[in-house]
Amino acid sequence: MNKNDSEYIAGILNKELGYEILWEGKPEDVDLVFVNTCFVRGKVKNKVYSIIGKLEHIKRQKRHFIIGVGGCMAQVDKDRLLKDKPTVDFVIGTSNLYKIGEVVSEVKSEGNRRDFVEEEFKDFPQGLPIYRETGVNAWVTIIRGCNNFCTYCIVPYTRGREISRSPEDILKEVDNIVKEGYKEVTLLGQNVNSYGHDLKRDIDFTGLLEEVASRYPDIWINFITSHPKDFNDKLIDVISKFKNITRYIHLPVQSGSNKVLKRMNRGYSRERYIELAQKIKEKIPGVSLSTDVMVGFPGESEENFKDTLDLFEKIRFDSAFTFIYSDRKGTASYNFRDKIPEDIKKRRIKELIALQNKITEEINKTYVGKRMEVLIEGKPARAKSDKEFQGRSKNNKIVIVEGDFHIGDRIFVEITELLGWTFRGKPIF
Ligand code: SF4
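The paragraphs below set out a description of the structure included in this document. Remember, it's a predicted structure, so these values are computed and weren't measured experimentally.

**Regarding the overall build of the chain**
- Secondary structure summary: the chain contains 13 helices and 17 strands in total.
- What you see for the chain is a C-alpha radius of gyration of 22 Å, in line with the 22 Å of a compact globule of 429 residues.
- Considering only C-alpha atoms, the chain reaches an extent of 60 × 55 × 50 Å along its principal axes.
- For the chain, with 429 residues in total, the buried portion stands at 37%.
- Within the chain, contacts between residues at least 6 apart in sequence are counted, and of these 71% link residues at least 24 apart.

**Here we look at the packing of helix α8 (residues 205–215) against helix α9 (residues 233–241)**
- Packing of α8 against α9 brings their axes to within 9 Å, and their N-to-C directions diverge by 10°. In terms of their interaxial angle, α8 and α9 are classed as roughly parallel. Residue-level inspection shows Phe-205, Thr-206, Leu-209 and Glu-210 of α8 in contact with α9, the latter providing Lys-234, Leu-235 and Val-238.
- Counted by class, the contact of α8 with α9 contains four nonpolar, one polar and two charged residues.

**Comments concerning the sheet that holds strand β1 (residues 32–37)**
- Read from one edge of the open sheet, four strands run β1-β2-β3-β4, paired in parallel fashion. What marks the edges here is a single partner per strand, and that holds for β1 and β4 (114–116). Shown here is a sheet whose adjacent strand axes are inclined to one another by a mean of 20°, direction ignored.
- Bridging between β1 and strand β2 (residues 66–71) involves six bridges; their strand directions are parallel. Among the inter-strand pairings, Leu-32 is bridged to a residue of β2, identified as Ile-66.
- Strands in contact with helix α1 (residues 2–17) are β1 and β2; relative to β1, the strand with the most contacts, it is inclined by about 155°.

**Some words on the nonpolar core**
- By size, the foremost hydrophobic cluster in this structure holds 94 residues, and its most contacted members are Ile-9, Ile-100, Val-140, Ile-142, Val-185, Leu-209 and Leu-289.
- Of the residues that make up this core, three or more belong to each of domain 1 (2–116) and domain 2 (371–428).
- Discounting residues that sit within four places of it in the chain, Ile-100 has contacts with Ile-9, Ile-12, Leu-13 and Ile-92.

**Regarding the packing of helix α11 (residues 270–283) against helix α12 (residues 302–315)**
- In contact at an axis separation of 10 Å, α11 and α12 are set at 15° when each is read in the N-to-C sense. Judged on the interaxial angle alone, α12 and α11 are roughly parallel. For the element pair α11 and α12, the recorded crossing hand is right-handed. Contact residues: α11 offers Arg-270, Ile-274 and Ala-277, while α12 offers Asp-307, Leu-311, Lys-314 and Ile-315.

**Brief notes about unusual backbone geometry**
- Along the chain, Ile-224 connects to Thr-225 via a cis peptide bond; the corresponding omega equals 5°.
- By the element assignment, Thr-225 lies in the loop between β9 (220–224) and α9.
- Although it is not a glycine, Gln-254 sits at a positive phi angle of roughly 70°.
- When the 24 C-beta atoms within 10 Å are taken as the criterion, Gln-254 is described as buried.

Criteria and thresholds
- Residues numbered from 1 in each chain as written.
- Predicted model: local features only at pLDDT ≥ 70, side-chain atom pairs only at ≥ 80, totals over all residues.
- Helix = DSSP H or I, 4+ residues; strand = E, 2+ residues; numbered from the N terminus.
- Rg over C-alpha atoms; globule rule 2.2 N^0.38 Å.
- Buried ≥ 20, exposed ≤ 12 C-beta atoms within 10 Å, placed from the backbone.
- Contact = placed C-beta atoms within 7 Å.
- Axes fitted to C-alpha atoms, helices over the stretch in contact; angles between N-to-C directions.
- Parallel < 35°, antiparallel > 145°, perpendicular 65-115°, else oblique.
- Nonpolar A, V, L, I, M, F, W, Y, C, P; charged D, E, K, R; others polar.
- Pairing = 2+ DSSP bridges.
- Core = buried A, V, L, I, M, F, W, Y, C linked by C-beta atoms within 7 Å.
- Domains from an automatic or database assignment.
- Left-handed = near helix turned anticlockwise from the far one by under 90°.

Right, dumping it as structure tokens:
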């Protein structure tokens, strides 16, 4: 989500104010740095303050240098950021990002330092300019905000209530993306499954996905993130019907304990989650499932943690993003009293990671000798030759392959070797 927001910010700065965009490089060489923040991991605050600290010497040398900070963490910490970091020129909220052109113009002409976080989106902003990072995949936001209020999460407070984008605007953007030559589209939202409920029209996420998949049969279609409580049979049927919908589903579970799920306000039980995951695996052959999981939620007993380990054994995810619970001021769980000591949280996360690593390795080994379709995305970080390329399979496995390929090619490979969490493949012609 933040990545796509950054692309809109870059689009507005480029088209409205003429800034040239650098996604990476030396901050000394530019006139404006925008730090877009997320608040999923607790340590982000220190990192953001450290990045800003490293930019201070540039501000002293170049008076016109502008520092802007945005995203969920900046929104929550706006007062402290502006007070403690006098080099920060502005803080912009997630719902105000479309105003960045006006904000930067104001900073430049009047020199005001302030935050712009007061508004929530009333309507989904239409036709915003976008400046995409190059690549084969394009992100398309279909819904913003969240109505779920999981007790540990700040998103509903920072990003506001759910607001769906019109299907016409989405299809127009996907049309442009396809014309520009992208090979893959990822439909984005905090909870894509609740798309459309606020539009008062006869469309839901399943209908939208079906429309996009049938219009663009040669483009791979992904979506993220799904909420287990809203993932229904109709969606499973649409995924299995269309070959161009990728076979990778990210389904955050957060905990395997009913007691903890209830306190998290997740809206499903472990039994419902296990049933759903099994149905997905059964009806969508070759699917790979990943998840988000948290350990050390307030009140999580040893037995509750064991329920999470047991759920992992039962489902066997291909991969998992593991988190240690940490407090976010402003959320309900911030006020829960029964916090878990750090040493217990650390021990639990180690145990869970070890289990998931074992499962991932066992699953990955089964791919050796199998055939996969792979979309070439670029070069591996440490390419051994000009002919070495890196791609991703339809079920999200990273494959290294050698040959005369181009970025965006779709090829078939036979997996020959497992290289840690990635694979080596031999092209099949
Ligand atoms: S579903 Fe829960 S965790 Fe996800 S964004 Fe909404 S409130 Fe946060």
